[in-house]
Amino acid sequence: DTAVSQTPKYLVTQMGNDKSIKCEQNLGHDTMYWYKQDSKKFLKIMFSYNNKELIINETVPNRFSPKSPDKAHLNLHINSLELGDSAVYFCASSLGLAGNEQFFGPGTRLTVL
Amino acid sequence: SQQGEEDPQALSIQEGENATMNCSYKTSINNLQWYRQNSGRGLVHLILIRSNEREKHSGRLRVTLDTSKKSSSLLITASRAADTASYFCARSNTGKLIFGQGTTLQVKP
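Calculation notes
- Residues numbered from 1 in each chain as written.
- Chains lettered and ligands numbered in written order.
- Predicted model: local features only at pLDDT ≥ 70, side-chain atom pairs only at ≥ 80, totals over all residues.
- Heavy atoms only, no water.
- Helix = DSSP H or I, 4+ residues; strand = E, 2+ residues; numbered from the N terminus.
- Rg over C-alpha atoms; globule rule 2.2 N^0.38 Å.
- Buried < 20%, exposed > 50% of the residue type's maximum accessible area, 1.4 Å probe, protein only.
- Areas by Shrake-Rupley, 256 points an atom, 1.4 Å probe, with all protein chains shown as cover.
- Lys, Arg positive; Asp, Glu negative; His and termini not counted.
- Charge placed at Lys NZ, Arg CZ, Asp CG, Glu CD.
- Pairing = 2+ DSSP bridges.
- Disulfide = S-S within 2.5 Å.
- Contact = heavy atoms within 4.5 Å.
- Buried area = accessible area lost by both parts, 1.4 Å probe.
- Salt bridge = Lys/Arg side-chain N within 4 Å of Asp/Glu carboxyl O.
- Polar contact = N/O pair within 3.5 Å; in protein donor to acceptor, adjacent residues only side chain to side chain.
- Axes fitted to C-alpha atoms, helices over the stretch in contact; angles between N-to-C directions.

What about the overall build of chain A?
- When helices and strands are counted, chain A shows zero helices and eleven strands.
- In sequence order, chain A lays out its α and β elements as β-β-β-β-β-β-β-β-β-β-β.
- The C-alpha atoms of chain A give 13 Å as radius of gyration, which agrees with the globular expectation for 113 residues (13 Å, within 12%).
- Overall, the C-alpha framework of chain A stretches about 35 × 30 × 25 Å when taken along its three principal axes.
- Here chain A holds 113 residues, and 47% of them are scored as buried.
- Accessible area for chain A stands at about 5,500 Å²; split by element, carbon and sulfur atoms hold 51% of it.
- One way to put it: in chain A the 12 positive side-chain charges average out to a point 6 Å from where the 11 negative ones average out.

Describing the pairing of strand S4 (residues 31–37) of chain B
Residue and element names in this part refer to chain B.
- Burial analysis of S4 places six of its seven residues in the buried class, the great majority of the element.
- Pairing of S4 with strand S9 (residues 85–93) involves seven bridges; the strand directions are antiparallel. Across the sheet, residue Gln37 finds its bridge partner in S9, namely Ser86.

Observations regarding the state of the cysteines
All names here are of chain B.
- Applying the stated rule across the entire model yields two disulfides over all chains.
- Two residues, Cys23 and Cys89, share a disulfide whose sulfurs are 2.0 Å apart. Linking Cys23 and Cys89, the disulfide has an S-S dihedral of approximately 65 degrees and is accordingly described as right-handed. Of this pair, Cys23 sits in strand S3 (residues 19–24) while Cys89 is found in strand S9, placing the two residues 66 residues apart along the sequence.

A word on the interface of chain A and chain B
- The partner chain B presents 20 residues to the 19 residues of chain A that form the contact.
- Taken over both partners, the interface formed by chain A and chain B buries close to 1,500 Å², and the fraction arising from carbon and sulfur atoms is 54%.
- One can count one salt bridge joining chain A with chain B.
- Put simply, Glu58(A) and Lys96(B) hold a salt bridge, and the shortest N to O gap is 2.7 Å.
- For the pair chain A and chain B, the interface holds six residue pairs in polar contact (both at pLDDT 80 or more).

Some remarks on the sheet that holds S3(B)
Residues and elements named next belong to chain B.
- The antiparallel open sheet is built from five strands, whose spatial order is S1-S3-S8-S7-S6. A single partner strand is all that each edge strand has here, and the edge strands are strand S1 (5–7) and strand S6 (55–58). Within this sheet the neighbouring strands show an average axis-to-axis angle of 15 degrees, counted without direction.
- Relative to strand S7 (residues 61–66), S6 runs antiparallel, the two being bridged by four bridges. From the neighbouring strand, Ser58 faces S7, where its bridge partner is Leu61.

Below, the structure written as structure tokens:
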């Protein structure tokens, strides 16, 4: 059973396109996150949602719009993709707000050409 | 910078040896966590140590925390080739986790 799943695993697209990444967790957690990991493996939080409400928005460009239809899902939509958006995006979930153990998805490698 | 600093950035050892990774941070914490990332995979939680704890064990892992020095260490004893991965410390404060840049560990068989 996959605890935190993301789709797609790989995403290759042209500059200027709009794309979405989906995330689902079946752990019954109430908090979900999006992280970006760059080519140097630096991992930075982008957003977190608790019970479908936005809790953390780390000065991410407004081209990135997270959407949480329910507690088990947190999707990430990116408009007008830029070369610098190329990275691996990880979804994670936890019980309660950050401070508890987080469970990570397998990641989505986004390549913008 | 808010990020923790991890030391060393890369470590290569022989199977059976111990591996020690260090993590320093600048601000107060609620807890500090260590994660492992295998190549091309997501992060896996290893251990969480609270700010009022000094040492914690889990199997071959030993984590220490010195809040006066704002530092933590992860010791992996009797390393195995399967321990080859990147290891990240993450400090918990103000409702989010802030990750260090990681230590890449290679364990040679």
